[in-house]
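Report on the structure
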Amino acid sequence: MKNINMRSLYNSYRYILFCLMYCISYSTVYAQQPAGVDSLRKKFKNFREQAFQEKVYLHNDRSGYLTGETMWFKLYLTDGSFHKPSSMSDVVYVEILDKAKQPVLQTKVGMTDGKGNGSLFLPATLSSGNYIIRAYTNWMKNFSADFYFHKSISIINSFRTNEPDAKQAALPPDAQFFPEGGSLVSGIKSKIAFRVINAEGKGIAFTGALINQHNDTLTRFKPLKFGMGHFEFTPQSGQTYRAVIHESTGKTTFAKFPNVSEEGYTLSVTDSLSDAIDIHVYGAGNSPVYLFVHARQIMAHASVKYLQQGKVTFTIQKSDLPEGINHLTVFDTNMKPVAERLYFKKPENLLRLDIHTDQQQYTNRRRVKLDIQTSVATAAKSSDVSVSVYKLDSLSENNTSGIAEYFWFSSDLKGNIESPEYYNSKDALVNEAIDNLMLTHGWRRFAWSDVLNNHKPAIEFLPEYRGHIVKGIVRGPDGAPANWIMTYLASPSKITRLYGSFSNKKGEVFYEMQKFTGSANIILQTNYKQDSLYRVEIISPFSSAFASVPLAPFQLSPARGKELLDRSVAMQVQDIYYREQLDKISRPETDSSAFFGPPDEKYLLDAFTRFPVMEEVMREYVPGVMVRKRRDGFHFMVIDAVRHAIFDETPLIMLDGVPIFDEDEIMSFSPLKIRKLEVIKKRYYLGPLSFPGIVSYTSYTGDLNGFQLNPKSIRMNYDGLQTQREFYTPRYETQQQRQTRMPDQRTLLYWNPSVTTGVDGKQQLEFYTSDQAGDFQVVVEGMTNDGSVGSGRQTFSVLQHNN
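Residues numbered from 1 in each chain as written. Predicted model: local features only at pLDDT ≥ 70, side-chain atom pairs only at ≥ 80, totals over all residues. Heavy atoms only, no water.

**Looking at the confidence of the model for the protein**
Averaged over the protein, the pLDDT score is 90; the fraction of residues at 70 or greater is 94%. The secondary-structure element of the protein with the lowest mean pLDDT is helix H1 (residues 6–50), recorded at 57, while strand S4 (residues 91–97) shows the highest, at 98. Counting contacts from residues 1–33, a segment whose pLDDT is below 50, to residues more than four positions away or on other chains yields 8 contacts. (pLDDT = per-residue confidence, 0-100. Helix = DSSP H or I, 4+ residues; strand = E, 2+ residues; numbered from the N terminus. Contact = heavy atoms within 4.5 Å.)

Structure, rendered in structure tokens:
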């Protein structure tokens, strides 16, 4: 019998014990892993439900304008996840900002089922320059201004001497480096993306090199597209690195390079398979790591695996990923996010718009037939589209970026994206260029700390799902906000409208103004018999937060002088000859009944003998209202038709919809100025308000007709939702119409914001050319009810011809 080596036996037992303990530990953690994954899913779902996102896209008729012209636009409002039309907000705010981020034009546009349209006249007070259009909802103001829609346009004032923006000293290029996953870890090979741009946010041509502290060149690199590219590199501890940028102009600059960590996590994505991607995670030890994937806050994947010798691979089927930008986030065993990058899955269901004119060339004042065909994945699809036809010139450039590029790229990536339309092209390099874009524009709409700690987003601004909300604040005599004060808002009119609100703890009041359109006088007041020391201030509904959006310096080449002069003359000719048609407004249908509905008593005073004193009118003709005169003045008491008793309290008294709190004031007003008197003989509830009857006077003019309001009332002009201007286009159906001597210098031939294709995806439109010759661009943009978006373009020519 062989001698037993006790030391060897002891080591064997120890090894077996270690394996058993490891298996038990692994099994215990593995058994807990679903709980960790489920917890992550649940927290993300809870956060998503509390932070509903909206997106706005604005299609304007062209990219460049002269002062004196009108900018026409169509608004598309969707939910932020599935891009389906959103009905949560009934109002979108549109602004034009100058280079100092100051609004020069503002408007409010009403929305119906996620669609709306409007226009902005560009006054001669605007200076020549580049401007930013931005659009957002009241709900979107709860989140970063980076989420608003932004687009640059050029405006030239041909009535002023145009001076370009002052030239600034040439700044060195901005070079940034982005390790895949976010960190550089010593000894782990990583993909390093880079982006080198000029002061205008445009990528530059250059060659670069990475050097260490000894100036040894470690690798060289150059951009693929738009100043972006990537290279692979294995960093080492104890080393410092920097980049050398050699511009095509001959200038050389140095740029910082990310620091190297001794330990940590990295990730890399391999997209070599047609149906799946591999996510490789690197870290220390054999600890569990979690992978969470979402796109536009849609959960796509959550799982846990264990590092084996510092590495683990997750494989995800592409069919399991939502279309668009996916966020791949790695969490450590403590559920701390340690690595993240973006991956783009190309959308397969883009809206395809095929547009064709019946000819490629036309002469002046001829009919153009435009056929539109909309489809998704080769199947015809009914769609809602907007159509613009304009003359191509140096001011209205042929910009091919549109609604698809916005929803799939710009709206979900931070910073300026140069030529976003390229990423929907079929160029051989486009897939690599998209990945470079994902690596250099990493961004999400939330902080993971808020998700993991169940922090609810701070909601300050309410969704306007039933019309525009006018917000104000009530202040006491010391200027401090005052709570629980009843306030009233009215707009004098022949149509009686009244809004009321109690101030909250912050002194805030909210008036929900349904179908409030156009510019009108509004009157704000408290009951000055009870709260005479309080006043109401209106807060602007426009956002005071601004995103950092690069705006290129304005430069006007002298070579464009004749072209701009011709367009300016054309604009002025149209203004002279067609001002009436250009100013035509489409009036919305409004309910002419008072807010309180049919009255219990109604008196048209012209049907009665007219008395010169209001007291006689009330006593002789209005039995439903008892008028008493006491030491302190007149008092109204309405007879309750329900209880057949007299209300003890004073009723609501109004003149043209404006509350009057002192009966003596209305009694001293001339009844000869009153056309109609209506009485509600029961208790009436209006939101938080409760009235023991209503006595409503309507004057002949509907504007108080000279009645003097109490000086404590605040009267101001307020813009409601924009009234829609009608786009004018003449018709030349006969030879006589074509030969009319009225000039037609339209450079915008056609604009229609509300075109719907049929179930077969087809629609045909007609419009006429003008006296302008040149190349014209047709742009069609739109979306389907299930969220597919797309654009179509075509050009045609108009030849000069004497009719």
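**Overview of the nonpolar core**
By size, the foremost hydrophobic cluster in this structure holds 55 residues, and its most contacted members are Leu75, Val94, Phe409, Tyr423 and Met438. Those residues within four positions of Met438 in sequence are excluded, and the remaining contacts are Ile325, Leu342, Tyr343, Phe344, Phe409 and Leu413. Ranked by size, the runner-up nonpolar core spans 46 residues in total, among them Tyr621, Phe669, Val679 and Phe691. (Core = buried A, V, L, I, M, F, W, Y, C linked by side-chain atoms within 4.5 Å. Buried < 20%, exposed > 50% of the residue type's maximum accessible area, 1.4 Å probe, protein only.)

**What to know about empty space enclosed by the protein**
Rolling a probe over the atoms, with the probe sized like a water molecule, indicates the empty space that remains. Considering all chains together, one arrives at 4 cavities of 30 Å³ or more under this definition. Of the pockets and cavities examined, the second largest cavity occupies roughly 140 Å³. Residue lining of the second largest cavity: 14 residues in total, with Arg296, Gln297, His327, Asp412 and Arg445 positioned closest to the centre. Class assignment of the residues belonging to the lining of the second largest cavity gives a composition of 3 nonpolar, 6 polar and 5 charged. (1 Å grid on protein atoms, 1.4 Å probe; cavity = no way out; pocket = protein on both sides within 12 Å on 5 of 7 lines; lining within 4 Å. Points joined across faces, edges and corners; volume = space filled by probe spheres on them. Nonpolar A, V, L, I, M, F, W, Y, C, P; charged D, E, K, R; others polar.)

**Section: the sheet that holds strand S23 (residues 324–331)**
Taken together, the 4 strands give an open sheet; going across it, the order is S21-S20-S23-S24, and neighbouring strands pair in antiparallel fashion. The open sheet has two edge strands, strand S21 (298–306) and strand S24 (337–345), and neither has a second partner. Averaged over all pairs of adjacent strands, the angle between strand axes in this sheet comes to 15°, irrespective of strand direction. Sheet topology note: the strand S20 (residues 288–295)/S21 ladder contains 8 bridges and is antiparallel. Of the residues in S21, the one forming a bridge with Leu291 is Ser303. Sheet strands touched by helix H3 (residues 430–440): S23 and S24. Its angle to S24, the strand with the most contacts, is close to 150°. (Pairing = 2+ DSSP bridges. Axes fitted to C-alpha atoms, helices over the stretch in contact; angles between N-to-C directions.)

**Focus: the packing of aromatic side chains**
For any pair of aromatic rings, the description consists of the separation of the ring centres together with the inter-plane angle of the planes. Enumeration over the complete set of coordinates arrives at 51 aromatic pairs. When the centroid spacing of 5.1 Å and the interplanar angle of 65° are considered together, the rings of Phe149 and Tyr406 count as edge-to-face. Taken together, the positions of Phe149 in strand S8 (residues 149–156) and Tyr406 in helix H2 (residues 403–408) put the pair 257 residues apart, joining distant regions of the chain. Judged by its relative accessible area of 8%, Tyr406 falls in the buried class. Grouping aromatic residues by their ring pairs yields a cluster made of Phe177, Phe194, Phe206, Phe221, Phe231, Phe233, Tyr241 and Phe257. One residue, Lys108, lies across the ring of Tyr718, its end atom 4.7 Å from the ring centre. (Phe/Tyr/Trp six-rings, centres within 6.5 Å; stacked < 30°, edge-to-face > 60°. Lys NZ or Arg CZ within 6 Å of the ring centre and 35° of its normal.)

**Digging into the side chain of His441**
Within the secondary structure, His441 sits in the loop between H3 and helix H4 (448–452). Judged by its relative accessible area of 4%, His441 is buried. Engagement of the side chain of His441 in a polar contact is seen with the backbone oxygen of Asn416, the distance being 3.3 Å. (Polar contact = N/O pair within 3.5 Å; in protein donor to acceptor, adjacent residues only side chain to side chain.)

**Structural notes on the environment of Asp38**
On the secondary structure map, Asp38 appears in helix H1. Accessibility expressed as a relative area gives 46% for Asp38, which makes it partly exposed. Linking Asp38 and Ala302, residues 264 residues apart in sequence, is a C-alpha distance of 8.4 Å.

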